[in-house]
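# Summary of the model geometry
Each chain, written out:
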Amino acid sequence: MSADTHNNEDKLVALASIAAELHSVMNVAWGVSLAAKNAKVISAQAGDKGLGFQPITDFIDEISQLAIKGVNDINESAMRLSKIAVDEQRSYDAYKRFDSVRKKHQGAAYIASMSSAMGRSENHMIDAFKEFKTSLNNLFALLEEMDEQMLSARAVASVSRIVTSDAAEFRSKLEVVANDLDNAAVFIKDKISDSYQHLDRVRSLTREQAL
Amino acid sequence: MKVTKIFDANHQWFMFGRDPEKPESIIDTNQYMVVSDERALLMDPGGIEVFAPMLGAILHHAKVDQITDLFASHQDPDIISSLGLWDQALPHAVLHAPWLWEGFLRHFGMNNIQYDGIPDEGSSINLGGVELEFIPAHYLHASGNYHVYDPKAKILMSGDVGAALEATEAPVFVEDFDEHIPKMKMFHQRWMPSNRAKNDWISRVRKLDIEYMAPQHGRIFKGDDVQCFLDWFEQLEVGTAIS
């Protein structure tokens, strides 16, 4: 690991950007959850005409709950990565200063007594770096999972539009729910795509650091 | 960083400061260390910027593992913002500092060092057979503030009391008290907020037998200059920012 290529400040900014991107996703996911509950009421009012739509409302609700949980998990994971990056930076700062003392004060009577502190910082830095890489992969997996969920959401929205064609006077109301779900899924996918870009930046900075 | 041994008997007192490599924009600070037997206490160890020169200077006189104790007179960054770095160098050390500032000081990063909160009335520690007293100096200038008194060496480490703002090449000891007054007048008038607190501290400190009064900025007072300082400080109106 090269001490000169630490880019933790850039990494922290990129991780904070992911949290910012996903903040708006949470509001949208809550909106979909509410729409799903409304759709349940509408399809109940529609009786036989809404029969085809009723199981879909459960699915929409499930998707919105998964999106809410996904955002929480991703935020938690991004926070964890930030904390590890800060810890690593602290150990690096200490190590850098210990190293400058070692170089400047070679003749000091007790210079050797510093070696255990240096070793501790170095080990801590290496451990933090390993933990960061593991947590980074975990965050990628969470984003992928959410991306797939949004693909499913778009498929559900398409099916919903077909099913609502049998819902007679309730059709327009149920179509609104299907459209809302589709728009929400597109919005969330966009945000996930932006988050991927931030995370790619973190990954490339981490690779540089490893060289 | 310049090192001055100010007491040398069965135990030693060192002053660290006047660092020529210090960035010009940061205030010059004096750090102190007492070494007794296999233990050492670092007092007001300084800011992040002075950590490396400080550690380098210490290693000429003590081993890293010998530094078992740290003391922070109060919470200011020039006093103890290096805490996060000492925390990595001395994971088994104890920090003696005002109880009032614990939650604030931990913001500097303290995962390993143990915090010993000094109670309002002060306390003492035995450092390798030497008794050191933490003397209350509240509101001089921080609301929780202490000085360190060594009755054997007759040294009072007086934190910001007695401080003077001057160049890094200034002498370590006060040579002409009257000439020194202009360098410390504004500092005390502005940084010290309370005449009542000032007089309370003076009456407490007058009872101590002091040969050296060692502030965190500026020069050390010795002998008669200690009494000169107390007399001068007693008549000084402080808290002058309130018109």
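The present account deals with the structure reproduced in this document. Keep in mind the model is a prediction, meaning the values are calculated, not measured.

Analysis parameters
- Residues numbered from 1 in each chain as written.
- Chains lettered and ligands numbered in written order.
- Predicted model: local features only at pLDDT ≥ 70, side-chain atom pairs only at ≥ 80, totals over all residues.
- Heavy atoms only, no water.
- Axes fitted to C-alpha atoms, helices over the stretch in contact; angles between N-to-C directions.
- Helix = DSSP H or I, 4+ residues; strand = E, 2+ residues; numbered from the N terminus.
- Parallel < 35°, antiparallel > 145°, perpendicular 65-115°, else oblique.
- Left-handed = near helix turned anticlockwise from the far one by under 90°.
- Contact = heavy atoms within 4.5 Å.
- Nonpolar A, V, L, I, M, F, W, Y, C, P; charged D, E, K, R; others polar.
- 1 Å grid on protein atoms, 1.4 Å probe; cavity = no way out; pocket = protein on both sides within 12 Å on 5 of 7 lines; lining within 4 Å.
- Points joined across faces, edges and corners; volume = space filled by probe spheres on them.
- Patch = residues over 30% accessible without salt bridge, like charges linked within 9 Å, V, L, I, M, F, W, Y side chains within 5 Å.
- Areas by Shrake-Rupley, 256 points an atom, 1.4 Å probe, with all protein chains shown as cover.
- Salt bridge = Lys/Arg side-chain N within 4 Å of Asp/Glu carboxyl O.
- Lys, Arg positive; Asp, Glu negative; His and termini not counted.
- Charge placed at Lys NZ, Arg CZ, Asp CG, Glu CD.
- Buried < 20%, exposed > 50% of the residue type's maximum accessible area, 1.4 Å probe, protein only.

## A word on the packing of helix H1 (residues 8-46) of chain A against helix H3 (residues 115-163) of chain A
Residues and elements named next belong to chain A. Between H1 and H3, the least distance of the axes is 14 Å, while the angle of their chain directions is 25°. Judged by the angle between their axes, H1 and H3 are roughly parallel. Read as a crossing pair, H1 and H3 show a hand that is left-handed. Contacts between H1 and H3 pair Lys11, Leu15, Ile18 and Val25 from the former with Phe132, Leu139 and Met146 from the latter. Of the residues contributing to the contact of H1 with H3, the split by class is 6 nonpolar, no polar and 1 charged.

## Side note on empty space enclosed by the protein
Residue and element names in this part refer to chain A. Within the structure shown, the criterion is met by 1 cavity of 30 Å³ or more. Looking at the largest cavity, its volume works out to about 50 Å³. If you go around the largest cavity, the residues you meet are Val32, Ile63, Ser64, Ala67, Met150, Ala153, Leu181, Ala184, Ala185 and Ile188. Looking at the lining of the largest cavity, the elements with two or more residues in it are helix H2 (54-104), H3 and helix H4 (171-210). No other element matches H4, which puts 4 residues into the lining of the largest cavity.

## Considerations on a negative patch on the surface
A contiguous patch of negative charge on the surface is contributed by Glu175, Asp176, Asp178 and Glu179 of chain B. In this structure, Asp178 of chain B sits in helix H5 (residues 177-191).

## What to know about the pattern of salt bridges
All names here are of chain A. Taken as a whole and assessed by the stated rule, the structure comprises 25 salt bridges over all chains. Its salt-bridge partner being Lys40, residue Asp58 comes within 3.0 Å of it at the nearest N-O pair. With Asp58 in helix H2 and Lys40 in helix H1, this residue pair connects regions lying 18 residues apart in the sequence. Since its relative accessible area comes to 34%, Lys40 is described here as partly exposed. Asp87 is the partner of Lys83 in a salt bridge, and the nearest nitrogen-oxygen pair spans 3.4 Å. In this pair, Lys83 and Asp87 both sit in helix H2, 4 residues apart, roughly one turn of the helix.

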